[in-house]
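# Residue-level structural notes
Given next are the chains, with one letter for each unit.
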Amino acid sequence: MPQLRLTGRGLWITALIVPPLAFVALFVVYPIISAFAYAFFDWNGLLRGEFVGLDNFHTVLFVEPYASWTRNAFSHNIIVFFALMVLQNGLGFFLAYALWRELPGARFHRIAVFLPVVLSTIIVGYLFKLFLHPLFGVVNISLRGMGLGELAQPWLGQSSTALWALIAANAWHMVGFPTLVFLAGMQRIPTEMLDAVRMETRSEWVKITKIVWPLVAPSATVVFVLLFVGAFNWFELPYVMAGLDGSPFGSTDVLGLYFYRTAFGNVSSGQQDFGLGSALAVLIFLFIAVIAGLITVRLRAREIQL
Amino acid sequence: MPSTIIRIGAALAAMSVAAPAMAQDLTFWSWRQEDRAQYEQFIDTFEAANPGITVTFETFEATNYNTILATALAGGSGPDLMMVRAYGGLESIAVPGYLEPLTTETVPALADYTPEALAAETVRADGKVYAVPFASQTQLVIYNKKIFDDAGLSEPQTWDEFMALSQKLKDSGIIPIANGTATAWQNETVTFDFVSSLMGKDFVADIMSGETDFTDERFTNALAALKDLSQYFPDGFIGLDYASAQQLFSSGMAAMFGGGSYELATFRAQNPDLELGVFAAPGRTAEDEKLVALYFDGGYAANAAGANKEAALKFINYLASTEFGQAFADNLNNISTAPGVTFQDPLLAEVAELNTSSIPYLFLVSFRYGEPSGSVLIQSEVQKLFAGETTPEAAGQAITDGLKVWYEPFQD
């Protein structure tokens, strides 16, 4: 018969598990559920009105002006995701490979690449705002100094460059993270396997595509899923660099900013609307949860157990 | 002997019950962290005149103030007294019934406030005033007197003079106008700082009466002139943020700044040596009335569910008084809305003088009651205009179409 009595060990485990569980329930599970509930009500400022069923969801998805705002923000999240997939994860992979191959100065570069990751997003945002300053920014000054003055741009003021400037800042900030994860994955590859490859070919490219890339698949799963979640929850950097409105004229607007504006209002918008904001939050949450789940399942399937 | 003890006990008990009612503690919330010292002085003056009432001043971060206040009020832990925003920002708090309506019976001084000022703190649906308006802000042109004097320039009387003067400054290597428009709300302010006189009072009256919309030539021509003027903004100004633009002006690198009267205090703090002047941007001809754009900032309100409402109303009455308005103007360098206030500071006196010919700061005053708000629309359309991605006519059309969604006079 199984022991149900709380032994000393059981007591310990309970005592250690209950506080964090209660914490998570109170500060994670409860807010998510209440946001879910809020989305089904009409709101007048912060005063809850009637139950309106799926009206709020319908409004943010199909009623103007919300529908085009939602589409606009969502499309930018998609651009951000794919751009960072290349610039951040792609570059991260090759940086990791270079570090793993112990090219000259690898020790220094390992630190240099990872250093920006520890900076706060707020600092990085302000730093890049200064770099991209149209008059005194180091980017425009360097371009002028090289005689390429006509390439100097008001980077954050043009719809054609603003989002890309933010993406570049994010890639610079976070590239160290996928690098570190890939590097850890590469260091786990057994040396016998690498010796065996060396007998077959001298081509680095074959080594990367046939051996390294398949064997770091678990690392890829981690960085891909985290990037997906991060790209669709993107908020701090656009907030610092472009402001709540996704300036200029919505060309840097992403779901995070749009949600915040809708739920909490900002100085220029009309009334805050918790119902619509919550509906947006629920949609973002469901989208991320479902797609991240699918990505994880698919990527897990191609991982090779060593 | 025991009876004495009982009597003393009873007396103590009675006192402890009565005590909370006697000492009336009020809390007063504000987003003006920078004005704490002055407010504490105002409160001291009030407390000296009203023994038994104590007021505690608490401040919160400005951008999140409305959210914090609304959440506290909804949760029943709101303050007795509070600063509230005006127009749409007021309604989100007043409509759910958190604020005590004010009448000329409870606050007699309100009778002497201007209708425009009271309108800022009135809920449109019930026509009741919910707060004592405290300050007006004026959108105008601020200039560096020294730069103007050195270049032999004076305040322009016509639009052509304004353009010529800007060209002259540019030729001499000075940035004529400091503004940058990467920060979205700056696009709305520059519009009303520079081309209010070109729009004119009649246009605003026609908009308010629903006789015209923003496709009106008076509006689109004004936008075209603004676009033309933007050649005198800094290079790459569409990528220049608000804080950098302020610094260009306060450091003396630029001669003019289109901004609100609230900028004056900032510029003085950033560079005390700056000699500031203000003017209303001119119309086409010298005969056209020179207009500034005027709006009201916020007000003082009392909690409808407050425990010490009577004491709170006493304090509200103090805040509505000319005596307080005068202290407010003298110590905080703001244009108080209280009746009968005179301005010692020459610059403030000049702003108050300019206020006598004004149009409302239109999109804030009348078009922030629905989504998309007029402010969001004009900000993004003017931003597009500056970036060369729209024309004045298309911008006017887009603003009108956007407002049509909720603004009934535009629906046909």
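Above: the structure in question.
These figures come from a predicted structure and were not determined experimentally. (Residues numbered from 1 in each chain as written. Chains lettered and ligands numbered in written order. Predicted model: local features only at pLDDT ≥ 70, side-chain atom pairs only at ≥ 80, totals over all residues.)

## Some points on the overall build of chain B
Helices and strands together make up the secondary structure of chain B, namely 17 helices and 12 strands. Taken across its 412 residues, chain B has 48% of its residues classed as buried. A fraction of 73% describes how many contacts in chain B between residues 6 or more apart in sequence connect residues 24 or more apart. (Helix = DSSP H or I, 4+ residues; strand = E, 2+ residues; numbered from the N terminus. Buried ≥ 20, exposed ≤ 12 C-beta atoms within 10 Å, placed from the backbone. Contact = placed C-beta atoms within 7 Å.)

## Structural notes on the interface of chain B and chain A
The partner chain A presents 30 residues to the 39 residues of chain B that form the contact. Of all the secondary-structure elements, those providing two or more residues to the side of chain B that touches chain A are α3 (65–74), α4 (88–94), α8 (184–208) and α16 (374–386) of chain B. Top contributing element to the side of chain B that touches chain A by residue count: α16 of chain B, with six residues. Residues that form the side of chain B that touches chain A fall into these classes: 16 nonpolar, 16 polar and seven charged. (Nonpolar A, V, L, I, M, F, W, Y, C, P; charged D, E, K, R; others polar.)

## Digging into the sheet that holds strand β2 (residues 53–59) of chain B
Residue and element names in this part refer to chain B. Taken in spatial order, the five strands of this open sheet run β2-β1-β3-β10-β4, and their pairing is mixed. Two strands lie at the open edges of the sheet, namely β2 and β4 (132–133), each paired on one side alone. Of the strand pairs in this sheet, strand β1 (residues 24–30) and β2 are connected by seven bridges, and their pairing is parallel. In the sheet register, Leu-26 faces β2, and the bridge partner there is Val-55. Taken strand by strand, helix α12 (residues 309–319) contacts β1, β2, β3 (81–85), β4 and β10 (298–302), and its axis lies near 155 degrees from that of β10. (Pairing = 2+ DSSP bridges. Axes fitted to C-alpha atoms, helices over the stretch in contact; angles between N-to-C directions.)

## Things to note about unusual backbone geometry
Following Glu-64 of chain A, the chain continues into Pro-65 of chain A via a peptide bond in cis, with omega recorded as 0 degrees. Mapped onto the secondary structure, Pro-65 of chain A falls in the loop between α2 (55–62) and α3 (66–100). Cis rather than trans, the peptide bond between Glu-371 of chain B and Pro-372 of chain B has omega equal to -5 degrees. Here Pro-372 of chain B is to be found in the loop between α15 (362–366) and α16. The backbone of Glu-102 of chain A shows a phi angle near 55 degrees, a positive value even though the residue is not glycine. Its place among the elements puts Glu-102 of chain A in the loop between α3 and α4 (106–118).

## A word on α3 of chain A
All names here are of chain A. A rise of 1.5 Å per residue sets the reference length of α3, with its 35 residues, at 51 Å; its end C-alpha atoms lie 48 Å apart and thus fit the reference within 8%. At Leu-84, α3 shows its maximal bend, which comes to roughly 35 degrees. Just past α3, the residue Glu-102 takes up positive phi, approximately 55 degrees. (Expected span 1.5 Å × (residues − 1). Bend = angle between axes of the 7 residues up to and from the residue.)

## Some remarks on the nonpolar core
Proteins that are soluble and globular tend to have nonpolar side chains buried together. Counting residues in hydrophobic clusters, the biggest one holds 180 residues, and the most contacted among them are Val-132, Phe-315 and Ile-316 of chain B. Per-element tally for this core: the top contributor is α3 of chain A, with 11 residues. Excluding residues that lie within four positions of it along the chain, Phe-315 of chain B makes contacts with Leu-26, Phe-46, Val-55 and Leu-81 of chain B. (Core = buried A, V, L, I, M, F, W, Y, C linked by C-beta atoms within 7 Å.)

## A short note on the pairing of strand β7 (residues 254–260) of chain B
Residue and element names in this part refer to chain B. When you tally the buried positions in β7, you get seven out of seven residues, the bulk of the element. By the bridge criterion, five bridges tie strand β5 (residues 135–144) to β7 in an arrangement that is antiparallel. Looking across to β7, one finds that Leu-140 is bridged to Gly-259. Examined bridge by bridge, strand β6 (residues 175–177) and β7 share two bridges and lie parallel to one another. Residue pairing for β7: Ile-175 is matched across the bridge by Ala-254.

## Concerning the environment of Thr-45 of chain B
Residues and elements named next belong to chain B. With respect to the helices, strands and loops of the structure, Thr-45 is situated in helix α2 (residues 36–49). Since 14 C-beta atoms lie within 10 Å of it, Thr-45 is described here as partly exposed. Separated by 282 residues in sequence, Thr-45 and Ala-327 have C-alpha atoms that sit 10 Å apart.

## Describing the environment of Ser-247 of chain A
Mapping Ser-247 of chain A onto the fold places it in the loop between α12 (236–242) and α13 (255–264). Non-local contacts of Ser-247 of chain A, meaning those with residues more than four positions away in its chain, are made with Ala-242 and Thr-252 of chain A together with Ala-182, Thr-183, Ala-184 and Gln-383 of chain B.

## Some words on the packing of α3 of chain A against helix α8 (residues 176–187) of chain A
Residue and element names in this part refer to chain A. It is at 8 Å that the axes of α3 and α8 come closest, and there the two elements cross at 45 degrees. Classified by the interaxial angle, the pair formed by α3 and α8 is oblique. Of the two possible hands of crossing, α3 and α8 adopt the one that is right-handed. Seen from α3, the contacting residues are Gln-88, Asn-89, Gly-92, Phe-93, Leu-95, Ala-96, Tyr-97, Leu-99 and Trp-100; seen from α8, they are Pro-178, Thr-179, Phe-182, Leu-183, Met-186 and Gln-187. (Parallel < 35°, antiparallel > 145°, perpendicular 65-115°, else oblique. Left-handed = near helix turned anticlockwise from the far one by under 90°.)

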